[in-house]
Amino acid sequence: MNLSDIITHLGEDRHEYCGSVGTPIFQSSNFSLNTVEHLRNVLKDEYHHPFYSRGYNPTVAILRKKIAALEGAEDALIFSSGSAAIAATIFNLVKAGDHIISVKKPYSWSNYLFTQILSKYSIETTMVDGTISENFEKAIQNNTKVIFIETPNSMTFELQNITEVVTIAKRHNCIVVLDNSYNSPLFQPAIELGVDLVCHSATKYISGHSDVLGGVVCGTKERINQIFKSEYMCIGASISAQDAALLIRGLRTLPIRMKQISENARRVADFLDNHSKIEKLYWPFANSNPQLELAKKQMKNCGGLMSITIKTDNYDGVERFVNALQKFLIATSWGGYESLVFPVCAFTESKENHLLPVPWNLVRIYIGLEDSEELISDLKQALEKV
Ligand SMILES: *Cc1c(COP(=O)(O)O)cnc(C)c1O
């Protein structure tokens, strides 16, 4: 099915709701059945029928179909946040005594899940440098069940070679889970590359308007149903119909937003690459990226999230730069209209007590949908303040 049909038509049985062009919001926690026989049948298959909204809500069901199709997967589940989607997925795949291999420095709460929560239940995780695919194979143990990747990964955007990781996983009967948030459902066809389960923080590009938290996981019907009847129903981090409708609204403009964001990001990155006040630019499609060839091979295009390290020897230089920005909001998250900036130095008081595995002088920048010339001239004046 083509992209426009998925976004406009798939899942929208308009004849059932007065031809409504906008998405109908089923603001109901429960749904009534006609007969006991009908109830009995629905109880056997809550995965496919409206009964109780924690499991199935018709508005959320429209979104499920669209997200699955965009990822090229058979099915999808929608959660109330990206973290919930990742945690429920991982919990579903492992039991006490199992082993996980994760790329080093995944998203902070994925990192917490592996190192702090799962370790309490005798599930161990080995973190590897994912830029070298052999590292995954070297870390394999008899009890390894899952390989978790996030390419490009958070803050410094190192890539993992998806095809090579999938080949290693197949050889050892492991399931590959990918956090694909960076790429939106459009820029990295992970299912096509052999990934088993693809997660997103829908809070970012899928929403696209900085007003909804959401998460998704996509995969085969069988795997998705396994998660549905267990962690999805039990943890209950399902999304509301209102928020699902907002995510569907977000999808309507996803292709045009991603096009504009990637063009803006290209222009800004070209300005930042080799700027005299910048040590290093971290952006998968940067001409200076040593992994550029892999990036171009497995990503169709590149989003608006990038980082720079500032040439300065103390926190003040970084702070002067960030505080001087007029067009960028100091905020976490990304994926909306608004360009944002997030300095790592905010985590601690000084570089002497910096504990994070990323450079203290790193500033993450999200390039949104504003006029790129405006953003560049703002960065230019702020860099002069370093
Ligand atoms: C934001 C983010 C998450 C978590 O998503 P939430 O919707 O905030 O729970 C997971 N992975 C990545 C890469 C993210 O950027």
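Note: the structure precedes this text.
This write-up is about the structure you can find in this document. Small disclaimer: the values here were computed from a predicted structure and weren't measured. (Residues numbered from 1 in each chain as written. Predicted model: local features only at pLDDT ≥ 70, side-chain atom pairs only at ≥ 80, totals over all residues. Heavy atoms only, no water.)

### Brief notes about the site of the ligand
So, point 1. The environment of the ligand is formed by 14 residues, the closest being Ser83, Asp179, Ser201, Thr203 and Lys204.
So, point 2. For the ligand, an oxygen atom lies 2.8 Å from a polar atom in the backbone of Ser83.
So, point 3. Note that an oxygen atom of the ligand is positioned 3.5 Å from one of the side-chain N or O atoms of Trp334.
So, point 4. Considering the ligand on its own, with 380 Å² of exposed area, one finds that the protein chains cover 90% of that surface. (Near = heavy atom within 4 Å. Polar contact = N/O pair within 3.5 Å; in protein donor to acceptor, adjacent residues only side chain to side chain. Areas by Shrake-Rupley, 256 points an atom, 1.4 Å probe, with all protein chains shown as cover.)

### Some words on the pairing of strand β9 (residues 305-310)
So, point 1. In terms of residue burial, β9 counts as a mostly covered element, since 6 of its 6 residues are buried.
So, point 2. Side-chain alternation along β9 places Leu305, Ser307 and Thr309 on one buried face and Met306, Ile308 and Ile310 on a second face that is also buried.
So, point 3. With 4 bridges connecting them, strand β8 (residues 278-282) and β9 associate as antiparallel partners. Note on β9: the bridge partner recorded for Tyr282 is Ser307.
So, point 4. With 5 bridges connecting them, β9 and strand β12 (residues 362-366) associate as antiparallel partners. Within β12, the position partnered with Ile308 by the bridge is Val363. (Buried < 20%, exposed > 50% of the residue type's maximum accessible area, 1.4 Å probe, protein only. Helix = DSSP H or I, 4+ residues; strand = E, 2+ residues; numbered from the N terminus. Pairing = 2+ DSSP bridges.)

### Points about the pairing of strand β3 (residues 124-128)
Here is the key point about a regular strand: its side chains alternate between the two faces of the sheet.
So, point 1. Where strand β2 (residues 99-103) lies against β3, 5 bridges are found, and the strand directions are parallel. Looking at the pairing, Ser102 lines up with Met127 of β3.

### Concerning the packing of helix α3 (residues 58-71) against helix α9 (residues 241-252)
So, point 1. With their axes 8 Å apart at the nearest point, α3 and α9 run at an angle of 35° to one another. Classified by chirality, the crossing of α9 by α3 is left-handed. Listed contacts from α9 to Thr59, Val60, Ile62, Leu63, Lys66, Ile67 and Leu70 of α3 are Ala241, Ala244, Ala245, Leu247, Ile248, Leu251 and Arg252.
So, point 2. Looking at side-chain class alone, the contact of α3 with α9 contains 11 nonpolar, 1 polar and 2 charged residues. (Axes fitted to C-alpha atoms, helices over the stretch in contact; angles between N-to-C directions. Left-handed = near helix turned anticlockwise from the far one by under 90°. Contact = heavy atoms within 4.5 Å. Nonpolar A, V, L, I, M, F, W, Y, C, P; charged D, E, K, R; others polar.)

### Notes on the sheet that holds strand β10 (residues 329-330)
So, point 1. Read across the open sheet, the 5 strands follow the order β8-β9-β12-β11-β10; overall the sheet is mixed. Strands at the two margins of the open sheet, each flanked by one partner only, are β8 and β10.

### Overview of the state of the cysteines
Covalent bonding between the sulfur atoms of two cysteines is what defines a disulfide.
So, point 1. The tally for this structure, following the rule as stated, stands at 0 disulfides.
So, point 2. Unpaired in this structure, Cys218 has its nearest cysteine sulfur neighbour in Cys199, at a distance of 8.1 Å. (Disulfide = S-S within 2.5 Å.)

### Brief notes about the packing of helix α4 (residues 82-93) against helix α8 (residues 221-235)
So, point 1. α8 packs onto α4 with a crossing angle of 125° between their chain directions and a minimal axis gap of 9 Å. Taken as axis vectors, α4 and α8 run oblique relative to one another. Here the hand of the crossing between α4 and α8 comes out right-handed. Contact residues: α4 offers Ala88, Thr89, Phe91 and Asn92, while α8 offers Gln226, Ile227, Ser230, Glu231 and Ile235.
So, point 2. Classifying every residue of the contact of α4 with α8 gives 4 nonpolar, 4 polar and 1 charged. (Parallel < 35°, antiparallel > 145°, perpendicular 65-115°, else oblique.)

### A word on the sheet that holds strand β4 (residues 144-149)
So, point 1. Spatially, 7 strands are ordered β1-β7-β6-β5-β4-β2-β3 in an open sheet, and the strand pairing comes out mixed. The open sheet has two edge strands with one neighbour each: β1 (75-79) and β3. The mean angle between the axes of side-by-side strands here comes to 20°, regardless of whether they run parallel or antiparallel.
So, point 2. Seen against the sheet, α4 touches β1, β2, β4, β5 (175-179), β6 (197-201) and β7 (215-219) and runs at an angle of roughly 155° to β6.

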